[in-house]
Amino acid sequence: MRILLIGKVGQLGWELERVLATVGALRAVDVPEVDLAQPDTLAPLVREARPDIIINAAAFTAVDRAESELDLVRTVNGVAPGVLAEEAARLGAAFVHYSTDYVFDGAKTTPYLEADAPRPLNAYGRSKLEGERAVEAAGGAYLILRTSWVYSLRGSGFVSKVLQWVRTQDDVRVAEDEVSSPTWARALAQATEQILAAAPLLVVPRIKERRGVYHLAGAGSASRLEWAREILACDPHPEEHKVKDIRPARRRDFPTAAERPAYSALDCSKIEDAFGVRLPRWREALRLAMGEAGQ
Ligand SMILES: NC(=O)c1ccc[n+]([C@@H]2O[C@H](COP(=O)([O-])OP(=O)(O)OC[C@H]3O[C@@H](n4cnc5c(N)ncnc54)[C@H](OP(=O)(O)O)[C@@H]3O)[C@@H](O)[C@H]2O)c1
């Protein structure tokens, strides 16, 4: 089975490249070999790779910057996934794509279901919703996996920022009125691999039969404050901390260019019913991720 992975350098793509190597013959690409900002260049890449599965882990993910780069974010997140899905359908390949909790407006107080109506609050969320619709319109065998608050111990995401703040600042405050489901990139990659590895020969028809939008995020929910405090508690080097606790703040204390949903935890029972996969509870995953980083 040939797999084309797009976005191998990102948080999720990096983990996918490692877990997918056992599933099939993997070709993993990122910028500059592939540029989703130039959708016309995608068909030749796909036709040359002749994959059985295309996985798109690439996206424009700078949520605040998206507000001022509307054309770019719409092309990368809204248009390019549709082109990839069309090429996959043309080749009879399956297309696996990731979307976001930011398609929702955050008005709910219980986990969002796939059947809930999307209403994005920001340009990034609108572009990802456009991408979902373009993938659906292409038909074929596709999975759109909506996830949330993705982190890895590599790079400069929220976990790394908290670890840096508690080492360098005398007072660390984090919003308690923003709630979602923290998702370890490795656990998300492993769940994707489980879906694809269960029946390699049957994977395309199986995905075609069950195609659609699925929520796949760390189990449970947390406020940013709870998440930050757990990061502090799991840090294997507490002797380096300048603060012993993280204080509560409100979102309005940290104005940002993009508005974000106050609540965007995802109910992931549909994918468990369809494919038998679920991610660990977010606290467990964080302990595993940080324990490993401390070794
Ligand atoms: N991060 C989150 O909290 C979160 C939450 C919900 C959903 N998601 C979704 O989950 C998926 C994976 O996210 P992630 O956190 O792994 O993202 P990430 O770390 O930002 O990685 C995205 C990758 O896409 C690449 N990329 C950006 N623009 C590109 C372009 N024009 N052409 C080709 N590649 C391009 C990036 O390259 P450069 O680094 O060179 O730009 C990077 O390698 C995305 O679909 C995202 O929308 C993420």
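Residues numbered from 1 in each chain as written. Predicted model: local features only at pLDDT ≥ 70, side-chain atom pairs only at ≥ 80, totals over all residues. Heavy atoms only, no water.

**Observations regarding the environment of glutamate 33**
Under the convention used in this document: The numbering of helices and of strands both runs from the N terminus, where a helix is a DSSP run of H or I of at least 4 residues and a strand a run of E of at least 2. Counting of polar contacts relies on pairs of N or O atoms within 3.5 Å, with two restrictions inside protein: one atom must be capable of donating a hydrogen and the other of accepting it, and residues adjacent in sequence are counted only when both atoms are side-chain atoms.
Tracing the sequence through the fold places glutamate 33 in the loop between β2 (25-29) and α2 (42-49). Engagement of the side chain of glutamate 33 in a polar contact is seen with the side chain of arginine 27, the distance being 3.0 Å.

**Here's the deal with the packing of aromatic side chains**
Any aromatic ring pair is given by two values, namely how distant the centres are and how the planes are angled relative to each other. Keep this limit in mind: Two rings from Phe, Tyr or Trp (for Trp, the six-membered ring) form a pair when their centres are within 6.5 Å of each other. A pair whose planes differ by under 30 degrees is stacked, one over 60 is edge-to-face, and the rest are tilted. Buried residues are those whose accessible area, probed at 1.4 Å on protein chains only, stays under 20% of the maximum for their type, while exposed residues exceed 50% and partly exposed ones sit between those limits. Over a ring means this: the NZ of a Lys or the CZ of an Arg is within 6 Å of the ring centre and within 35 degrees of the ring normal.
The final tally for this structure, using the stated rule, is eight aromatic pairs. Judged by centre distance (5.3 Å) and plane angle (10°), the rings of tryptophan 149 and tryptophan 227 are stacked. Taken together, the residues span a long stretch of sequence, with tryptophan 149 in the loop between β5 (141-147) and β6 (150-151) and tryptophan 227 in helix α8 (residues 224-234) at a distance of 78 residues. Tryptophan 227 carries the same exposure label as tryptophan 149, and that label is buried. Aromatic side chains phenylalanine 158 and tryptophan 165 sit 6.2 Å apart centroid to centroid with 85° between the ring planes, which places their arrangement in the edge-to-face category. According to the relative accessible area criterion, phenylalanine 158 is buried, its value standing at 13%. A connected cluster of aromatic rings, assembled from ring pairs, spans Trp149, Tyr151, Phe158, Trp165 and Trp227. Above the face of the tryptophan 14 ring, arginine 18 is positioned so that its terminal group lies 3.7 Å from the ring centre.

**Observations concerning the pairing of β5**
Operational definition: Any two strands between which DSSP finds at least two bridges are classified as paired. Note on handedness: a clockwise path from strand one over the helix to strand two, with the strands aimed away from the viewer, defines a right-handed crossover.
Counting buried positions over the seven residues of β5 gives seven, a clear majority of the element. Alternating positions in β5 separate into two faces, Ala141, Leu143, Leu145 and Thr147 on one and Tyr142, Ile144 and Arg146 on the other, with burial throughout. For strand β4 (residues 94-100) and β5, the ladder comprises seven bridges, and the chain directions are parallel. Across the sheet, the residue bridging to serine 99 is arginine 146, located in β5. A crossover links β4 with its parallel partner β5, the connecting element being helix α4 (residues 123-138), and its sense is right-handed.

**Details of the sheet that holds strand β3 (residues 53-56)**
Paired through their backbone hydrogen bonds, the strands of a sheet run either parallel or antiparallel. Here is the rule: Note on method: axes are straight lines fitted to C-alpha atoms, helices fitted across the in-contact stretch only, with angles between N-to-C directions ranging 0 to 180 degrees. Only heavy atoms matter for contacts: two residues are in contact if any of them lie within 4.5 Å across the pair.
Spatially, the six strands line up as an open sheet ordered β2-β1-β3-β4-β5-β10, and their pairing is parallel. Where the open sheet ends on each side, the last strands, each with one partner, are β2 and β10 (212-215). Sheet twist, expressed as the average angle between the axes of neighbouring strands with direction ignored, equals 20°. For strand β1 (residues 2-6) and β3, the ladder comprises four bridges, and the chain directions are parallel. Looking across to β3, one finds that leucine 5 is bridged to isoleucine 55. Strands β1, β3 and β4 of the sheet are contacted by helix α3 (residues 70-91), whose axis makes an angle of about 160° with β4. Each of β4, β5 and β10 is contacted by α4, which is oriented at about 160° to β4, the strand it contacts most.

From the geometry alone we can't say anything about function, so treat these as descriptive.
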